[in-house]
Amino acid sequence: MQKIIFVLAVLLCSATANTQATKPIVATPGVGVNGLKLGMSEKQVVALLKGDITWSGYHEQLISFVDYNVSVDSILQFVLGFDSCGRYQNDLPENLPVFALYFKNHRLNFITISSFSATPDHLERFKLSNGLKFHDKMSSCIKKLGAEYVPVGYGDYTGDHYYYKLGMEAVYDENRLVSVGIFPPTPRFKAMIREKSAELKKQIAELDKD
């Protein structure tokens, strides 16, 4: 009897592991991706994702974005504000293709999900809640997401669109979806850009003096 129970337990564990391995990775705008949710603390996020995370502060991230020659005063993370950033620089976590996490007052307020460095398994299982997947054409994405977005220039990417009312960023390389950002719906995003522009430009100018 004990032997039968042991065999059943092993089979159950194997089935559970297999289910986890094939479970879809679903990113929901304004909410999160699978069990990773906006509003979580650093401790909760690290426990969920595991992996080798590298931490940096606001100042370091500002320098990094300026080096990319982007309009920082239109980058949503800086408009929303954050205190710290955790990145998976070398390998993405095994369970989710998450690259970067931004926290304000110790609460997660921006998630970057990337196809770069993602495993084939990640790419196969990942989708947005509306069905879009990595490497879908920009035209297909716009058709599904709509044309109400704020475009920003970002390095060599062919498009970076903030769907600010949905709480989602769509980044395209060669007109294919390669990265997704998840953040709280921010209907006042355009107004916030105007309100914070002078302050952010001043911070950038201070960098030039250093």
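You'll find the structure just up there.
Residues numbered from 1 in each chain as written. Predicted model: local features only at pLDDT ≥ 70, side-chain atom pairs only at ≥ 80, totals over all residues. Heavy atoms only, no water.

**Describing the pairing of strand β10 (residues 159–163)**
Spelled out, the test is: Relative accessibility decides the category of a residue: with a 1.4 Å probe and only protein chains considered, values under 20% of the type maximum give buried, values over 50% give exposed, and everything between is partly exposed. Under the DSSP-based scheme used, a helix requires at least four consecutive residues in state H or I and a strand at least two consecutive residues in state E, with every element numbered from the N terminus. In short, DSSP must find at least two bridges between two strands for them to pair.
For β10, the tally of buried residues reaches 5 of 5 residues, placing the bulk of the element in the interior. Side chains G159, H161 and Y163 of β10 all project onto a buried face; the interleaved residues D160 and Y162 project onto the opposite face, where all are buried too. When strand β9 (residues 150–151) meets β10, the two strands line up antiparallel, connected through 2 bridges. Paired with P151 across the strands is H161, a residue of β10. Linking β10 back to strand β11 (residues 168–173) in an antiparallel pair, the connection comprises 4 residues, with G167 at a positive phi of about 90 degrees.

**Some details on the side chain of E169**
Using the following cut-off: Charge assignment: positive for Lys and Arg, negative for Asp and Glu; neither His nor the chain ends contribute. Any carboxyl oxygen of Asp or Glu that lies within 4 Å of a side-chain nitrogen of Lys or Arg is treated as forming a salt bridge with it. Throughout, a residue-residue contact means that at least one pair of heavy atoms, one from each residue, lies within 4.5 Å.
Its location among the elements puts E169 in strand β11. Of the buried charged residues, E169 lacks a salt bridge, with R87 as the closest side chain of opposite charge at 9.8 Å. Residues within four places of E169 in sequence aside, it is in contact with F110, D160, H161, Y162, S179, V180, G181 and F183.

**Details of the nonpolar core**
Selection rule: Among the buried residues, those of types Ala, Val, Leu, Ile, Met, Phe, Trp, Tyr and Cys that are joined through side-chain atoms within 4.5 Å form a nonpolar core.
L36, L101, I111, I113 and V180 are the most contacted members of the largest nonpolar core, which has 33 residues in total. Put simply, the parts of the chain that give this core at least two residues each are β1 (25–28), α2 (42–49), β6 (98–104), β7 (107–114), β8 (126–128), α6 (138–145), β11 and β12 (176–182). Dropping the residues within four chain positions of it, I113 is found in contact with A27, V33, P97, V98, F126, F134, V178, S179, V180 and I182. Among the nonpolar cores identified, the runner-up in size contains 26 residues, and I75, V152, Y162 and F189 belong to it.

**Overview of the environment of L80**
On the secondary structure map, L80 appears in helix α4 (residues 76–80). According to the relative accessible area criterion, L80 is buried, its value standing at 17%. Sequence separation between L80 and M192 is 112 residues; the distance between their C-alpha atoms is 8.2 Å. Beyond its immediate stretch of four places on either side in the chain, L80 contacts K104, N109, F183, P184, T186 and M192.

**Digging into the packing of aromatic side chains**
Defined as follows: Between 30 and 60 degrees the pair is tilted, below 30 it is stacked and above 60 it is edge-to-face, where a pair is any two Phe, Tyr or Trp rings, Trp via its six-membered ring, whose centres lie within 6.5 Å.
Evaluation of the coordinates by the stated rule reveals 13 aromatic pairs. Relative to F82, the ring of F78 has its centre 5.2 Å away and its plane inclined at 70 degrees; by these criteria the two rings are edge-to-face. Accessibility classification places F78 together with F82 in one group, the buried group. For the ring pair Y102 and F110, a centre distance of 5.8 Å and an interplane angle of 85 degrees mean the geometry is edge-to-face. F110 matches Y102 in its accessibility class, with the two residues each being buried. Ring pairs connect the aromatic residues Y58, F65, F78, F82, Y102, F110, Y162, Y164, F183 and F189, which therefore count as one cluster.

**As for the pairing of β6**
Counting buried residues in β6 gives 5 out of 7 residues, a clear majority hidden from the surface. Across 4 bridges, the pairing between strand β5 (residues 84–87) and β6 is antiparallel. Among the inter-strand pairings, C85 is bridged to a residue of β6, identified as Y102. In the sheet, β6 pairs with β7 via 6 bridges, with the strands oriented antiparallel. Bridge assignment links K104 to a residue of β7, and that residue is R107. The antiparallel pairing of β6 with β7 creates a hairpin that spans 2 residues between the two strands, and N105 there sits at a positive phi of about 55 degrees.

**Notes on the packing of helix α3 (residues 58–67) against helix α7 (residues 189–209)**
Selection rule: To obtain an axis, a line is fitted to C-alpha atoms, over the contacting stretch when the element is a helix, and the angle between two such axes runs from 0 to 180 degrees between their N-to-C directions. In these notes the angle categories are as follows: under 35 degrees is roughly parallel, over 145 is roughly antiparallel, 65 to 115 is roughly perpendicular, and the rest is oblique. By the convention adopted, Pro, Cys, Tyr, Trp, Phe, Met, Ile, Leu, Val and Ala count as nonpolar, Lys, Arg, Asp and Glu as charged, and the other residues, Gly among them, as polar.
Taken N-terminus to C-terminus, the directions of α3 and α7 make an angle of 85 degrees; their axes are 11 Å apart at the nearest point. As summarised for this structure, α3 and α7 are arranged roughly perpendicular, according to the angle between their axes. Counting all contacts with α3, which are made through Y58, H59, L62, I63 and V66, the residues of α7 involved are L200, Q203, I204 and L207. Residue composition of the contact of α3 with α7, grouped by class: 7 nonpolar, 2 polar and no charged.

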